[in-house]
Structures are given as structure tokens and as C-alpha cells.
Protein chains: 2
Amino acid sequence: MREQPNLDHLSINTLRFLAADAVQKAKSGHPGTPMGAAPLAYTLWDRFLKHNPHNPAWPDRDRFVLSPGHASMLLYGLLHLTGYDLPLEELKNFRQWGSKTPGHPEYGETPGVEVTTGPLGQGFAHAVGMAVAERWLADHYNRPGHQIIDHHTYALVSDGDLQEGVTSEAASLAGTLRLGKLIFLYDDNDIQIEGSTDLAFTENVAQRFNAYGWQVLGPIDGQDLYAIEDAIRRAQAETERPSLIICTTVIGFGSPQQGTAKVHGEPLGEAGLNAAKESLGWPLQPSFYVPDAVKTHMGQAVARGQATEQAWQEGMAAYAAAYPAEATELAIQLSGELPADWDVGLVDLFPAGTPPLASREASGKALNALAQRVHALTGGSADLAPSTKTNLTGYGDFGWDQYCGHNMHFGVREHAMGAIVNGMALHGGLIPYSATFLQFADYMRPPMRLAALMGIRVLYVFTHDSIGLGEDGPTHQPVEHLLSLRAIPNLTVIRPGDAHETAEAWRAALLNHSGPTALILSRQNLPLLHDDNGAQASGLHQGAYTLWQSHAGDPDVILLGSGSETQLALEAGKELAAGGVRVRVVSMPSWELFDRQPAEYRESVLPSAVRARVAVEAAIKLGWERYVGLDGAVVGMAGFGASAPASVLYQKFGITTEAVVASAHKLLATA
Amino acid sequence: MREQPNLDHLSINTLRFLAADAVQKAKSGHPGTPMGAAPLAYTLWDRFLKHNPHNPAWPDRDRFVLSPGHASMLLYGLLHLTGYDLPLEELKNFRQWGSKTPGHPEYGETPGVEVTTGPLGQGFAHAVGMAVAERWLADHYNRPGHQIIDHHTYALVSDGDLQEGVTSEAASLAGTLRLGKLIFLYDDNDIQIEGSTDLAFTENVAQRFNAYGWQVLGPIDGQDLYAIEDAIRRAQAETERPSLIICTTVIGFGSPQQGTAKVHGEPLGEAGLNAAKESLGWPLQPSFYVPDAVKTHMGQAVARGQATEQAWQEGMAAYAAAYPAEATELAIQLSGELPADWDVGLVDLFPAGTPPLASREASGKALNALAQRVHALTGGSADLAPSTKTNLTGYGDFGWDQYCGHNMHFGVREHAMGAIVNGMALHGGLIPYSATFLQFADYMRPPMRLAALMGIRVLYVFTHDSIGLGEDGPTHQPVEHLLSLRAIPNLTVIRPGDAHETAEAWRAALLNHSGPTALILSRQNLPLLHDDNGAQASGLHQGAYTLWQSHAGDPDVILLGSGSETQLALEAGKELAAGGVRVRVVSMPSWELFDRQPAEYRESVLPSAVRARVAVEAAIKLGWERYVGLDGAVVGMAGFGASAPASVLYQKFGITTEAVVASAHKLLATA
């Protein structure tokens, strides 16, 4: 079926050629998907999307996620034409330094971009998280006659997205959670980079999504605007099940090589571009052509959006009058700010005399204390809550029958969990956390990286953080995970050494508004390191601090430890001091926090002149050289762990007080 | 339905209580799945499994994978009772230091354990790789009347396995590939750690697997041995589709808390254990009780296995007589050894005068040259072969219509790709490789880690290795990935600096029999670093070597570079030398290879006395301190990249010859 003529037709072709022209000008990019999927995105944006281009932060807007982020120019075209602050000049600067139009959409760089996408599958799963947040806020705050939170989450998804495991995980959970306001348009073009999808992807997608509990619509002709419109209406009418609309499209529509992998990821070339314009009746010049009629037509989104938001604002005013307490609390949640006295619950959780406590246990207590005041705290575990100690007592389960519950059950789906908490944070209104064993951080790195890149507040609870977990053995014992997380820019990794530091770590995590924080926690019990009810543990916020020293002034040797090994450093320090060595023990729960301190502070903790330094951590040694240099030593793991009781493992792998003492003596002898 | 009485019944209960007793004695472990799934595993092993307990390496044995590795005691019980070299004493030492019975099954630690499992989903996907290898070898080597490779791959899989995304990816691909000899028993017990699977997993599993193109059998009663037997027979009869047999089971069957999450992951306790024994009519004492009748009955596996292998050996002899060339080649492939003259193809690939070439291009040439002789080389990409340059020209596609093809199309499924190549390597007969962008290494870390832990030869091609990929931007630019891979013990990471080093990197990768190797390759062109047809590049095998120096003897400053930045170090070195500085330039493509060298060699390259050292790499700086110490400097990335042409990015992020020179001067000035 042909496209509808006139404005629709013109608008769609405008989107197509803005994309093709931008890719051609940049000599780089992906014209195929924008040209094929333009009718889908246009119909959604023109007929349905609730948004205010002049206020991209309006909380009750519909969310739109472009999961195949390589089709970024399709989104930039929509944003430009509907009146977002994205001038045509920016489109002409596609993929150039300093432009608002990077190669893949980046959250924070471009008004109207809801999430950074590009790595396939992530957009799909992030959108599920946005829909979770919408249901949570709606169930908590809506009142009869006051549907103040009530919007859809839409996504465009691709063949590649549907092949990624994270999508399967998120789709299954979305079905279980009955997220009926999720509506995904599947750009089914049968082409991937290596050729036909038949090479690797012959499954029955409709049947698979039915199995997940989704409504599946189509396949429809992805160029038939009436069919698209009708399908979206049917999707909206289905409130119990998420909807997948299968849309048959032609990649690179209009170009001489349409329907082939050749139009996926490179410019059409001058000849190809001209041929495409001719075939679709588009003027060859000027490039980046926007007909006035299209400008006017699509620009109406501004007035529509302002009116829609205005009506919502009036509704909010009425709500605030009827439910002032709820309105205030909602406003705080949506602001992302912490409520007054948010952290008073942390004080005195662990008085002197508290017996040894696993940091996962201390974390559970801190989290529950914080949740009393920080209502936005919501999260859960990938089927390990009893072990990660992340259940919020008294706050109920989040589920289709109770969206107001705070405890999420992600199932054994770490990857989707990571993406869903990102989506929740991006939506706004929640401070989400996830939880699993540190070992399984590997399953969720891609969304963790995106959280760091986007600079959003997401909290990761990672327990069972070393050989200290014991008998489960090397498949479950992280050794490289600490370093591999420390490697991610803008991810703050904190491995507290006792209950007091754990409480401070939670405080630091909530205060970190500009990126994710990972809390690395022990399975095994740890004694308190401080005799002062934890006052000294506030040093955690500087990343490292002097925990104990035998003498004032520069020591002969510095011992550094993190997490469960801080106690070993402390014991070793006292033993060395008893032998007459001038020693300083530094608790170093967070490299990132320490590296952000002024040089003077860092020098005060680790004086340049003191080169005899021993670090101890039950993890690989690599990386600690940043703090101990070529002249220091690291007591750590040389490789993978083993299956045995934890105390045996510490002995066998030589991570002991004695090893730290011996290492210090050796350095002092050769200094 | 009750279990069949007598030997079957006795054997199953023996398996149950060996597991429960071992967990009780270890005070740690998972009794629930062994007790619930014992009838499934027993029926498979007793009635079907083709194996020779006295030769666990027999190539044509059936493979059995225990995907829920926490049920390890079920497998240890089976191995012990069927006559593998696993005495009862080892079962009594479950989860203890030095035993052959670690908490989760570990490949190489226990005879008969085909794969290390524990992280959920991995076993499922590894089994798919084993079935791939079986079909490949069968299609290459079987001849009419000579079905020398012809076995099944079985797995026990759990609710948790089916929730993991890697399982979805592998299942979809297995359906596309029509791997009819895969037979999976799904232990469907409706329980996960947080409670009922209804909390997070309400999908229709049967419908989902039908959608993937699988035969789904059941649900059957997981205690009805006749039903299990019948279902396995029907699975064997279906040769076009993999089979999933849904078996309804009761976790912790027989214990007072059967059917609840409480029996999943901790000992039953004395009282609970006794109650379970009483309820199943088992003697309370002795623990680890094996009735003689069971010993005899299950021990018959030895004689059966010997006879079966003997018959196969005779078949092989007949095959070798009829097809001597094929038999010889197959023997080489199965041995894991490289054929004679395997690497002659590498010589002279890049003569002096070769224009600048991306290392991904050089890699493609090296791979294709090697494939001429190393017939076992088989692999592919997660839908990026045209970019990763990993297609083997002239070797065809691996697919259901042509299992003899060498080029695999994994689809956009990096995680399953990582697991499947592991399964191929574990099966034996193949040297598998995978390929994707370095960025997406994050999607496949869990199986990469398992490859390193198992010490198997798997090759990873990772291209587009830095900001050098340019416009695709930070979602696609790895900055932390090099360090996060270097962090994995026993994974050798090699980032060659030019075409010659790339050829040597492939040589090193094939020579590494005891672990995986990752080749980190550029998108952008790189000039040759050597004028000697690459002879000097053999220094790559030491991890780092002096590429160029201005003077003999110790220099004033050492410059270190890897990959595409080695040329920057070289240019900077020549510029510094022109200014009168005594300088050494070290090419350092592999930290792991360098760290394995004798201290003397390392000292010869990086003399302790020379502290003015500058490393340059287009990645985060962390980690390089191991080589430059507290007194050196690193020219690298401070955070994420950006979207712009590569040359602009190198300038903007300050990764330039000038920066290296300036850094060296600064160190020399303050030294």
C-alpha cells in the first residue's frame, strides 16, 4: 500500500532525507532504519505522543525510546520538526565534535532524548523500567478523579534488539508485571548486518511474545499509516498486557539498495542519495530540505504540547488542593532531591559493642532505616533477596496486583535488572536499587556502563564479594570484579570495611546524584573497626582515611585495606607497631572518592615520601599499583579462588595478617 | 504417581541422600535440586547415556551438562555410582579444599564433568555449543556406513536457567540451526530463591520454546520413570528440532520442607535430614549409604561403556582403513594439536612497503591464511562479520543445510556466542573463535570468565577498540574494556600495534592451549612499525619488547605503547631523541605475556632504575601504574569518549605524540 499523500507523505520523506542527508554529510552513520521506519515513528509522534517540546522534563509526558540507537537521525529529525531546541544547524553537524547530534542518542546531550541507546537490547529493557516507574507513581499517588500520573511508554525496536538476551528477560518480566501501557513498534525489516535475518533468527516472534503474556498485533504494513494508527489504538485499549506491534518495513526505503544490508550502516553516496530522492519525488537540492508545510504541520506539536501540559498543571493544582501531603511528597520524589532529615535513620544503627556483622547485613539495616524517610527508594534483587538482604520490611512486593509495593522481584535476570533500574531512574520519581552477588555484576555490565555514561543515580548492591563467600567456589567468587567495576568511568565503587562504613556508603550513594554507585559487601561477619560509634567512618566520603597510626607524622610504612581486609591491615599495623615500626593504617573503601580529593588531602593520607606501602584486598592485585607504586606490595589473589570454607581459603591463598606483616618487613628491609 | 520400586527406586534415593548427606556434612550446599531431579538424571543416565566411565575423554560419548551447577552433588553421585574415578571419600569431602567435589562442578577438577557450571544459563548455552561441534564434525567426517561422530548432547536445566537471557539467545539459535540432537530435561519445580516462580516468571515456557522451533514434550510427572523414558525416546526420534522435556518436580522431595525455597540452598539439618530419610524409607545410618544392589546395578555402566566404546573403536578402525586421510585429519583435530606447518601461511603476509592497514584487516588476512591449514578453525561474529573481518573466504556458512560450513552466524547475541564457542572447545575437535566490537565484550563476560577458569582455547576477536572508531560515539567506544579484560585471570589480552604484530598475535593465540586469548584490534589504519618484514614483531610473544631506542644501555626515559598508540610512542621517541634525550620505545601489546616472563627479561626491558616512564594508550589510565609506578605518567583517557571523527577525538582528548613528548619532558625535569 502506498503512503498517504500530502502532509503525512511529505513529513515522512522529510524525516527520511534529513537522515540520509545528515549521514551523507557526516560521511558516517546509518540511513537504513530511518528511511524504513520513518512512517512508524511519524505516525506515533503525529497522532499519539503526549509531549511538550518546550518542556522536555514534564513528568507526565509519554516516553519514547529509540532502541536501535544507530537510527539516531530519525529521532533528531522528529525532535527538530516538532519544536525541540534542536536547530537544523545541529542536524547538519551530525556526528561532529560538540554537536547535540552524536552518532547514537545520548541522554543529557539532546533535549528530548530520554535514554542513551546504541548497544542493542538496552532501549527495549530501559523502556520496561520507565513503565515500571509510571505504574509505581500512579499507584502511589493517583486518587479517584485525579489521574496525575498516566502516560504511555513507547519504543521502536529492531530485529537486533529482539535477538539480545536482555530483551527476552525484560519482555518476560514485563508480561509477568502486566505493564499494559508499554507499546512497542517492531521494525521488522528482515535484514541484519550479515544479511537476511534467516541466517540466525528464524523464530516465531509473535508466538514468543504471546508466550511472555504480551498482546501481539500485526504483522502490519509498516507504510500503511492507517494500519499503524489502528494498531496503536488497539494497543492503548489493551491495559493488561504490553503490546508488540509487528510492522513489516523495508530498510533503506527508496534507495537503490533498499531491502539489503548495504543500506544499514554507511552513507548512500551521492548517486544513491540522488536516486533515492528521485524515486520518492524529493528535490535533489537543497539538502536538509524541510518544506514549509511540514514545518508548520509538525510544529503544531508545540502548541498541542503546551495545552496538554497546561491542562495537566491545572489537574495537579486541583490534586494539590485535595491531597496536599501527597502532592508535596510526589514533588519531592519527582525533584530527585532527598527529603529533610533523610539520613537521621542511620545514626546509632551500630552502637559500640555491636557484634561482628556482615556488611550485607549492615547494608540491609541501613537500607531499611533510610527507606523510612526516603520514600523513593525502590528496588530488588535478581532472585537473591534473602542473601543480599535487600528486602524492605513492611513495604510489600511490586507486582501487577500491587504496583505500590517497593520490593521488586526481577527473577534470575541480572541484565534486565540493570536496564530496568536505569529506566526507573530516567523516568524520575524513584531512586532505584538492584541487588545480586558481585560475581553476577558481569551479567549486567552493559546497563551499568550506560548508567555511568548517562550520569544517573542508580544503586547497586553487590554482596558475596570475595573468596570470603567460601564453599560455592570460584564460579561464585569474584576476584577480578572489583577492578573491572573500578575501571568504569563515573561509577563509584565503595567497599566498606565494617557496619559503620556501610552506613556511610549508603549515605554516599544517595548523595551521588550524578552517577551510579556500587556497594560491595561481604557475606561473612566483620568486626567494627571504630570505637567511636562510627564517627571516624565519615572518612569514607574521602575514599580513604587514616584509620589508625602508631605515631603522628609520616610513618615508615603505610598499610592500605578495603572491605573485609581492612581488619587485616589494622591487625597487621598493630603488630608492626608492637615491634617498633612507625605504621599508618589506611582504610580505603573507594578509589574513585579518593581520586576526587584535592592533592593536599591525598598527600596527607599517602605522603609521597613514604614508598613502603602494602595494600591488602582479597581480589587480584592489578590496579593497586596506583597507590603502592613500583616499590610497594600487594597482598591479594594471584588467580581464581577455590571451593572450601572461607577461613581455609584466606589461609591457603595467603591473605592474612601475617602476610601483610611479612610484606611490610620485606619492604622495610630493602628500602 | 509413585516411583518404580526396587533398583530404580533404591538408586534414586541413593542419589538423593548422597547429596543430602554431603551437604549436611559440609554444612553448606544445595540439597533441593538433587532430591527433586534425581529421577530425571537417573533415568537419563541409566537408560540412555552413552559414556565410558573409564574413559571420560572418549570423543563420541554423549555429553551431559548440569546447568544448575548448584546441584553438583547430583552429578557427583552419578559419577561415583557409575564408576568414574570419584571415590566415596571425595563425596564425603564435598566443598573442601583439595577435593574433587567443589561446590559447583568444575571442568578439569572431576572426571566426567564436561563443563564448569554455576552461573545460571551458561550450561544451557554451552550445551548448544557442544551440539554445534558434534554436527560440524559429523558433517565433515562421517561417510556412508561410517557414523563415527554421532552422539547426543543432554542437559538438565532449571527455572533459573530459563530466565537468563543467554538461554533465550542460545535457544533461538539452536532452533534456527535445527540441532535435533540436543535434548534438555527441564526441572520445573516452580520454586526459586525468593519464593514461587509466579513472582517473576509467569510466561508460557512451552509456547516460547515452540516459537524458537523446538519440540516441547510434557509437562510430564518428573517422578514417573516410564514417562521420562518415553519422552527421551520421543526426543531422540525428532532429529530436526531440539527437544525440551518439561518435567514437573518437587524441590527437596521427601524433606519436611519440600516444595519450598527453604530446601534450595542450605543443609536440611539433622532433624530435617532424618525426617526425609524416614519419609522415603531410607536408613538413618550410615550416612553416605550405598546399597550393594545399587552399587552393582549402576556400576554396570562401566562394562556397558567399555563395550560401547570398543565397538566404536572398531568402527573407527574400519573408517581409518576406508578413509585414511580423513581419519588422520580428524585425529589431529580431536587431539587439539596444531597440524604440521600450521603457521607457514603467516610468513610474508605483510612485506615491507605494505601500506597502512587496520589491525582488524590484518587479522582477517592472518585468520584466512591460518585456516588454509588449521582445519579446526571455525567461528563467526555476532552480526558484525563485515566489520570484524572474520569471514573465512571459501569456507561456507555453518547452518542447518550445511553443517560443514566454517562461518557461523550468531545473530546479535554476544552472550550466547561466548558460551557456544566455549561449548565447541569443550566438545573437542574445533578451535573456535568469536568476533564482535570490543565494546560488546561486556555482553559476553560471564562465558569469557568461564573459559579462563576452565583453561580452554577459545579465541576472541574484538575490533573497533578505542575512540579510534570515531563517530559512533561513546556508546561504542571502549575505554574501560581493555583493563576489565586484563583483570580476568588466565585470559591473555593482546593488542597488536601493526599488521606484523597482528599476525604474531594470532600465532600466540593458537599456541595458547591453556586459556582463552582476546585479540584487540583497530578499526582505523595503522602504519607498519617494523622495517624488517616483521621479524622484530616476534617480540610480541614476550608481551613487551624494545621497539626502538636512541642509544644502547639504560635510557633516560622509557615510552610504552600498545595497539594503535604504539606509533605515537615511536614518533614521540624519535622526536625526543632528536632533542638529545636518551629514549627507549617499548611496544607492549600484552601485559599478561610480559608478566609471565622471567624477572631478568622484564628488567631488561624496563630497568628498575629508570623511573621516567610514559605509557600511552587510548583507554583509561588505571592499571598502567603497574609499569610506570608513582613517578611515571600515562597519556590516556580520563573518561568516556565522544562522537566525532577519530582524528578530532585524538586531538581533543590529548592522545598525541605531542602529549607524550610533553609528558616525558615534564618527568625528566622533575626527576
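Here the structure is a predicted model, which is why all the values come from computation and not from measurement.

### Concerning the packing of aromatic side chains
Inspection of every chain in the model, using the stated rule, returns 46 aromatic pairs over all chains. With a centroid separation of 5.1 Å and an interplanar angle of 85 degrees, the aromatic rings of Phe209(A) and Trp214(A) are classed as edge-to-face. Using a relative accessible area of 0% as the deciding quantity, one classes Phe209(A) as buried. Judged by centre distance (6.1 Å) and plane angle (65 degrees), the ring pair of Trp58(B) and Trp312(B) falls under edge-to-face.

### Here we look at the sheet that holds strand S10 (residues 407–409) of chain A
Residues and elements named next belong to chain A. What the six strands build is an open sheet, ordered S10-S9-S11-S12-S14-S13; its pairing is parallel. The outermost strands of the open sheet, each flanked by one partner alone, are S10 and strand S13 (492–494). In this sheet, neighbouring strand axes are inclined to one another by 20 degrees on average, regardless of whether the strands run parallel or antiparallel. Pairing of strand S12 (residues 459–463) with strand S14 (residues 517–520), which is carried by four bridges, proceeds in the parallel orientation. Bridge pairing in S14 links Val461 to Leu519. The strands touched by helix H13 (residues 359–371) within the sheet are strand S9 (377–381), strand S11 (431–437) and S12, with S9 carrying the most contacts at an inclination of about 150 degrees.

### Here we look at the pattern of salt bridges
Enumeration over the complete set of coordinates arrives at 64 salt bridges over all chains. Among the salt bridges present, the one from Asp465(A) reaches Arg495(A), with a minimum N-O distance of 2.8 Å. Taken together, the residues span a long stretch of sequence, with Asp465(A) in the loop between S12 and helix H17 (481–486) and Arg495(A) in the loop between S13 and helix H18 (499–511) at a distance of 30 residues. The same class applies to Asp465(A) and to Arg495(A), which are both buried. In this structure, the salt-bridge partner of Lys181(B) is Asp150(B), at a minimum N-O distance of 2.0 Å. One end of the pair, Lys181(B), is in the loop between helix H7 (165–176) and strand S3 (182–188); the other, Asp150(B), is in the loop between helix H5 (122–141) and strand S2 (153–158), with 31 residues separating them in the sequence. With a relative accessible area of 15%, Lys181(B) lands in the buried category. A single salt-bridge network, built from bridges that share partners, covers Asp8(A), Asp46(A), Arg47(A), Glu229(A) and Arg233(A).

### Here we look at the relation of the copies chain A and chain B
Expressed as a screw operation, the relation of chain A to chain B combines 0.0 Å of axial shift with a rotation of 180 degrees, fitting to an RMSD of 0.0 Å. Seen this way, the second copy is the image of the first under a two-fold rotation axis. Relative to the rotation axis, the C-alpha of Gly165(A) is the closest in chain A, positioned 1.8 Å from it. Both copies present the same face, since 100% of the interface residues in chain A are matched by interface residues at the equivalent positions in chain B.

### Describing the domain arrangement of chain A
Residues and elements named next belong to chain A. Along its sequence, chain A is carved into domain 1 (6–305), domain 2 (349–526) and domain 3 (542–670). For domain 1 and domain 2, the distance between their C-alpha centroids amounts to 32 Å. Listed per partner, the contact involves 30 residues of domain 1 and 33 residues of domain 2. Between domain 1 and domain 2, a total of about 2800 Å² is buried, with carbon and sulfur atoms accounting for 68% of that surface. Seen at the junction of domain 1 and domain 2, the total is zero salt bridges. Breaking the side of domain 1 that touches domain 2 down by element, the ones donating at least two residues are helix H5 (122–141) and helix H7 (165–176). In terms of residue count, H5 provides more of the side of domain 1 that touches domain 2 than any other element does, 15 residues in total. When its residues are assigned to classes, the side of domain 1 that touches domain 2 shows 15 nonpolar, eight polar and seven charged.

Conventions we followed
- Residues numbered from 1 in each chain as written.
- Chains lettered and ligands numbered in written order.
- Predicted model: local features only at pLDDT ≥ 70, side-chain atom pairs only at ≥ 80, totals over all residues.
- Heavy atoms only, no water.
- Phe/Tyr/Trp six-rings, centres within 6.5 Å; stacked < 30°, edge-to-face > 60°.
- Buried < 20%, exposed > 50% of the residue type's maximum accessible area, 1.4 Å probe, protein only.
- Pairing = 2+ DSSP bridges.
- Helix = DSSP H or I, 4+ residues; strand = E, 2+ residues; numbered from the N terminus.
- Axes fitted to C-alpha atoms, helices over the stretch in contact; angles between N-to-C directions.
- Contact = heavy atoms within 4.5 Å.
- Salt bridge = Lys/Arg side-chain N within 4 Å of Asp/Glu carboxyl O.
- Least-squares fit on C-alpha atoms with pLDDT ≥ 70 in both.
- Domains from an automatic or database assignment.
- Buried area = accessible area lost by both parts, 1.4 Å probe.
- Nonpolar A, V, L, I, M, F, W, Y, C, P; charged D, E, K, R; others polar.

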